[in-house]
Amino acid sequence: MAFPGTGKIWMNGSLVDWSDAKIHIASHVIHYGSGVFEGARCYDTPRGSACFQLEAHMRRLYDSAKIYRMEPQIDRATLTSAVLDTIRANQFKACYIRPIVYRGYNTLGVDPSACPVDAAILTWEWGAYLGKEALERGADVTISSWTRAAANTFPSLAKSSANYANSQLIKMSALADGYSEGIALDTAGYVSEGSGQNVFVVRDDILYTPPVSAAILPGITRNSVIQIARDLGFTVREDMLPREMLYIADEVFFVGTAVEITPIRSVDKIVVANGRRGPITEAIQNAFFDIINGVRPDTHGWLTYLSPGAPQKELQSAHASQ
Ligand SMILES: Cc1ncc(COP(=O)(O)O)c(C=O)c1O
């Protein structure tokens, strides 16, 4: 979906018009992928707009910057406030949030240390990433022929622009083969993650998800889903998963800021169970959507309201299936 091209973007401390948010072609990030970024969401709740797990996203952004020896010019608290200011300036009730910290314009040697560490925040309205129907009916996916990067090559704990060269290969080859997403294995052949999502498998009422040692981005939705599943009384295990676990699973689903919680109905054309969203996936989806939509109490303090103290509107159920 193309951008409407309107509204404001925050760049190094100022809000500028969308059409003026430009950087020089000689900026280091363009040539060498020297950027780290985040993807978060703001939801429209009965108490006004609220960002989901904003603190966790901003912490991961600064962790990513640290891994790449980048020192943002402003501190985390100030950049977090700037996220809220940008959403307010654009008057969005709900939106996707993309803060990025990147090496800017100065020299083009591989050593980036002489380049400024710049920052920007974009916000835009972005609906269901794999389509609204996928939230209920599920996505058809394939195991990618591309693997995730080996340990000690591209750090998977950093959400770095460079890592998304690999994600693009996974996504493009899945689409070219007629699937909506690809799941990559790690270099040892165990399940890692989708091009932009973490994966959960259910077998005999136990949830499994690959550990951080399987070249995954430690997803914030993944952490939230582990917590929600445990709150609902399920057992969750972080385990190395052979690819065939996906074929014999009772349920498989993706989690991530963009996909939220999306069931997977087939893997490599092998139908997962009966090809319908499973009951555990649905229970977790319902709990997740009720929290982000402000219907269920936010017991873990995951929501940051744009206007704290605003009066509450009438509560309404907001399940993905309704
Ligand atoms: C490669 C990759 N894995 C997992 C995720 C899910 O992470 P999160 O839940 O923090 O959005 C994302 C999305 O950012 C991603 O790009």
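A short tour of the structure in this document, coming up. (Residues numbered from 1 in each chain as written. Predicted model: local features only at pLDDT ≥ 70, side-chain atom pairs only at ≥ 80, totals over all residues. Heavy atoms only, no water.)

Points about the overall build of the chain
Per the secondary structure count, the chain includes eight helices and 17 strands. At 20 Å, the chain has a C-alpha radius of gyration in line with the 20 Å of a compact globule built from 322 residues. Dimensions of the chain along its principal axes, counting C-alpha atoms only, are 55 × 50 × 30 Å. A buried classification covers 50% of the 322 residues belonging to the chain. When contacts within the chain are restricted to residue pairs at least 6 apart in sequence, those whose partners lie at least 24 apart make up 70%. Per element, the accessible surface of the chain, about 14800 Å² overall, is 52% carbon and sulfur. Counting 29 positive and 33 negative side-chain charges, the chain places the centres of these two groups 1 Å from one another. (Helix = DSSP H or I, 4+ residues; strand = E, 2+ residues; numbered from the N terminus. Rg over C-alpha atoms; globule rule 2.2 N^0.38 Å. Buried < 20%, exposed > 50% of the residue type's maximum accessible area, 1.4 Å probe, protein only. Contact = heavy atoms within 4.5 Å. Areas by Shrake-Rupley, 256 points an atom, 1.4 Å probe, with all protein chains shown as cover. Lys, Arg positive; Asp, Glu negative; His and termini not counted. Charge placed at Lys NZ, Arg CZ, Asp CG, Glu CD.)

Examining the environment of R203
On the secondary structure map, R203 appears in strand β11 (residues 198-203). Residue classification places R203 among the partly exposed positions, given a relative accessible area of 31%. Note: C-alpha distance between R203 and V252 (49 residues apart in sequence) is 9.0 Å. In contact with R203, not counting residues within four places along its chain, are Y208, I248 and D250.

Here's the deal with the side chain of T142
With respect to the secondary-structure elements, T142 resides in strand β8 (residues 139-143). Here T142 falls in the buried class, since its relative accessible area comes to 10%. Filtering out sequence-adjacent residues up to four positions away, T142 remains in contact with A174, Y179, E181, G182, I183 and D268.

As for helix α8 (residues 279-292)
Taking 1.5 Å per residue as the helical rise, α8 with its 14 residues ought to reach 20 Å, and the 20 Å between its terminal C-alpha atoms agrees with that figure. Counted residue by residue, α8 has 11 buried out of 14 residues, so it is predominantly covered. Residues of α8 that are buried include every one of I280, T281, I284, Q285, N286, A287, F288, F289, D290, I291 and I292, and no others. Following α8 by one or two positions, G294 has its phi on the positive side, about 75°. (Expected span 1.5 Å × (residues − 1).)

Section: the pattern of salt bridges
Throughout the structure, instances matching the rule amount to 12 salt bridges. Residue R148 is joined to E193 by a salt bridge in which the shortest nitrogen-to-oxygen separation is 2.8 Å. Separated by 45 residues along the polypeptide, R148 in the loop between β8 and α5 (163-176) and E193 in strand β10 (residues 191-194) bring together distant segments of the chain. You can call E193 buried: its relative accessible area is 4%. (Salt bridge = Lys/Arg side-chain N within 4 Å of Asp/Glu carboxyl O.)

Structural notes on a nonpolar patch on the surface
A cluster of nonpolar side chains, namely I23, I25 and I30, defines an oily patch on the protein surface of about 280 Å² accessible area. Counting through the fold element by element, I25 comes out in the loop between β2 (14-17) and α1 (28-32). The exposed category is assigned to I25, whose relative accessible area is 58%. (Patch = residues over 30% accessible without salt bridge, like charges linked within 9 Å, V, L, I, M, F, W, Y side chains within 5 Å.)

Focus on the nonpolar core
Grouped together as the largest cluster of nonpolar side chains are 25 residues, with contacts concentrated most on F200, L207, F253 and I284. Of all elements in the fold, only β5 (48-52), β11, α6 (220-231), β14 (251-256), α8 and β17 (303-305) reach the threshold of two or more residues within this core. When near neighbours in sequence (up to four residues on either side) are disregarded, F200 contacts L207, Y208, T209, R222, V225, I226, V236, E251, V252, F253 and V255. Membership of the second largest hydrophobic core comes to 24 residues, among which are C51, A65, M70 and V117. (Core = buried A, V, L, I, M, F, W, Y, C linked by side-chain atoms within 4.5 Å.)

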